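# A closer look at the structure
Listed below are the residues making up each chain.
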Amino acid sequence: MATTLKPSAVDGLLHGNDSRDVLMYASLSLFPVFFLTIRGWTNVFFFVLFFIALSRWRSIGAGSRWAALDIDGRLLVAALASAIVAVFAGHALRGSFTWNEYDGPSRLLFAIPVFLLLHYKRVNFPQLFQYACPISILLLVLSIHFFPRALGGSGGRIITYFVDPITLGNYAVVMGFMCLYSINILGKDSHWLTALKLAGFAAGLYISIGSESRSGWVAALVLFGLWLLMHRGALSRKSRVALACTGAAFAVLAYYGLDGVHTRINEGVNSMIAWYSGGNRETSIGIRLDLWRIAFTLFVENPLGGYGDEGYRRIVDTHPFITALVPNPEVRATMRSGFHNDITASMVRSGIFGLLSASSLFFVPTFVFWRHLRSQIPQVHAASTLGLCFVI
């Protein structure tokens, strides 16, 4: 986090000879390596970090650590805690409790001791991540091609055995661009490290194209534009124009040269036109747009307590607005799985508390990272740059 790094954090990776320090840095380094390749990999190292934080709770001094946090750090902690508060508030207002709704929010709550641990240890996370991120995405490419079960999905779209093509494509774009953003982020990179990061960036684009995730392609355009904006001082105007033209040429070539890209974009455009003109609504984009309308309608009807996940599933086939908007019961059945969007899902689940919580988890980090982009401390600037790439 941008607020956790001070000049004293850059003196070295390890402070002292405590074996827990070694385990902590090893876990941080390994955390992203098989993120999209092995199911449960990140959970293992997250809980390792959590238990290390608990074991150091007294030495960390939770109260003093909280007092040492600036306003940005406190906002981040509040955002992490807000998810479980929102679920509890929704349950209390509805008068019913569903324990499985605490699964995701509890992990965010458990992340607070980890955050305080990293703050206490002054961890230079970008130093670790600039190696782990490209290695992770390159290992994913290798796993996709050497394990046949990794290939499949509708129309031959790239998937893994536990990640759907949309999620895979979105995260591949984010990790690929984090490789790009990390070039020379802590000083001049060696030739081999620059090559590794560029390979990671190319691998991210390759997986994104193969997954045919349109939302990932939109994110790629935004992230590339942001990267050019952030480098407007380091790059000449001619260089920025040349890079923008190169990116545009790549997009045009992908559209006209790759059947999957061409087909998916055309389908998306036609689906949106049909939805807005009152034509066929039973397309992937049409269903998502209907889900947005359903989410806002349900939120207006019950803005305080929400419906809960189970409550929403129970009314999909009985609520008059939903049945009128989506008369096909087979399409409504697919809607029971959720809203495919954290903010709309949270506002239906927990009402206004869910809306505020989910929004804070996106906008608070964005605010904090953006505010520290101009920091003169290289590690703070680096953490803010990579953090902004991730949350956007």
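Residues numbered from 1 in each chain as written. Predicted model: local features only at pLDDT ≥ 70, side-chain atom pairs only at ≥ 80, totals over all residues. Heavy atoms only, no water.

In this section: the packing of aromatic side chains. Tallied over the entire structure, the rule returns 19 aromatic pairs. Arranged with centres 5.7 Å apart and planes meeting at 40°, the rings of Trp99 and Tyr102 form a pair that is tilted. On the basis of an interplanar angle of 40° and a centroid distance of 4.7 Å, the ring pair of Tyr312 and Phe339 is categorised as tilted. With Tyr312 in helix H14 (residues 308-315) and Phe339 in the loop between helix H16 (329-335) and helix H17 (342-371), the pair connects residues that are 27 residues apart, well separated along the chain. Among the aromatic residues, those joined into a cluster by ring pairs are Phe46, Phe47, Phe50, Phe51 and Phe110. (Phe/Tyr/Trp six-rings, centres within 6.5 Å; stacked < 30°, edge-to-face > 60°. Helix = DSSP H or I, 4+ residues; strand = E, 2+ residues; numbered from the N terminus.)

When pLDDT is averaged across the protein, the result is 88; 91% of the residues are at 70 or more. Contacts for the low-pLDDT stretch residues 1-16, under 50 throughout, to residues beyond four places or in other chains number 44 contacts. (pLDDT = per-residue confidence, 0-100. Contact = heavy atoms within 4.5 Å.)

Given a rise of 1.5 Å per residue, 17 residues ought to cover 24 Å, and the 24 Å separating the end C-alpha atoms of helix H10 (residues 214-230) matches this to within 8%. Inspection of H10 places Arg214, Gly216, Trp217, Ala220, Leu223, Leu226, Trp227 and Leu228 among the buried residues, and these make up the whole buried set. (Expected span 1.5 Å × (residues − 1). Buried < 20%, exposed > 50% of the residue type's maximum accessible area, 1.4 Å probe, protein only.)

Okay, unusual backbone geometry next. With the exception of glycine, the majority of residues adopt a negative phi angle, and the majority of peptide bonds are in the trans configuration. In the Ramachandran plot, Arg122 falls in the positive-phi region, its phi being about 55° despite a non-glycine side chain. When you line up the elements, Arg122 lands in the loop between helix H6 (103-121) and helix H7 (125-146). The phi dihedral of Glu212 is positive, around 60°, even though this residue is not glycine. With respect to the helices and strands, the residue Glu212 is situated in the loop between helix H9 (191-211) and H10.

Looking now at helix H13 (residues 284-301). It helps to recall that an α-helix has 3.6 residues per turn; residues three or four apart then point in one direction. Here H13 contains 18 residues, and its C-alpha end-to-end distance of 26 Å stays within 8% of the 26 Å for a straight helix at 1.5 Å per residue. Of all the residues in H13, the buried ones are Ile285, Gly286, Ile287, Leu289, Asp290, Leu291, Ile294, Ala295, Leu298 and Phe299. Looking at the buried positions of H13, the neighbouring elements they touch are H10, helix H12 (259-276), H14, helix H15 (320-325), H16 and H17.

Further remarks concern the packing of helix H1 (residues 19-30) against H7. Their axes nearest at 8 Å, the elements H1 and H7 cross at an angle of 45°. Taken together, the axes of H1 and H7 are oblique relative to one another. Judged by the sense of rotation from one axis to the other, the crossing of H1 with H7 is right-handed. From H1, Tyr25, Leu28 and Ser29 reach across to H7, where they touch Phe125, Leu128 and Ala132. (Axes fitted to C-alpha atoms, helices over the stretch in contact; angles between N-to-C directions. Parallel < 35°, antiparallel > 145°, perpendicular 65-115°, else oblique. Left-handed = near helix turned anticlockwise from the far one by under 90°.)

What follows covers the pattern of salt bridges. Pairing of side chains with opposite charge becomes possible as their charged atoms draw close. Enumeration according to the criterion identifies eleven salt bridges in this entry. Here Arg56 ties to Asp21 by a salt bridge, and the two come within 2.9 Å at their closest N and O atoms. Taken as a pair, Arg56 in the loop between helix H2 (41-55) and helix H3 (57-60) and Asp21 in helix H1 lie far apart in primary sequence, 35 residues in all. Note on accessibility: Arg56 and Asp21 belong to one class, buried. (Salt bridge = Lys/Arg side-chain N within 4 Å of Asp/Glu carboxyl O.)

Another aspect to go through is the environment of Val380. Structurally, Val380 is set in helix H18 (residues 378-391). Among the residues examined, Val380 registers a relative accessible area of 4% and is labelled buried. Taking the C-alpha atoms as reference points, Val380 and Phe369, separated by eleven residues in sequence, lie 9.0 Å from one another.

A word on the nonpolar core. Membership of the largest hydrophobic core comes to 37 residues, with the highest contact counts inside it found for Ile137, Leu140, Leu168, Phe177, Met178, Tyr181 and Ile207. Elements that contribute at least two residues to this core include exactly H7, helix H8 (165-181), H9, H10 and H18. A total of ten residues in this core trace back to one element, the largest contributor, which is H8. Every residue in contact with Leu168, bar those within four places of it in the chain, is listed here: Leu36, Leu140, Ile158, Ile159, Thr160, Val163 and Ile207. (Core = buried A, V, L, I, M, F, W, Y, C linked by side-chain atoms within 4.5 Å.)

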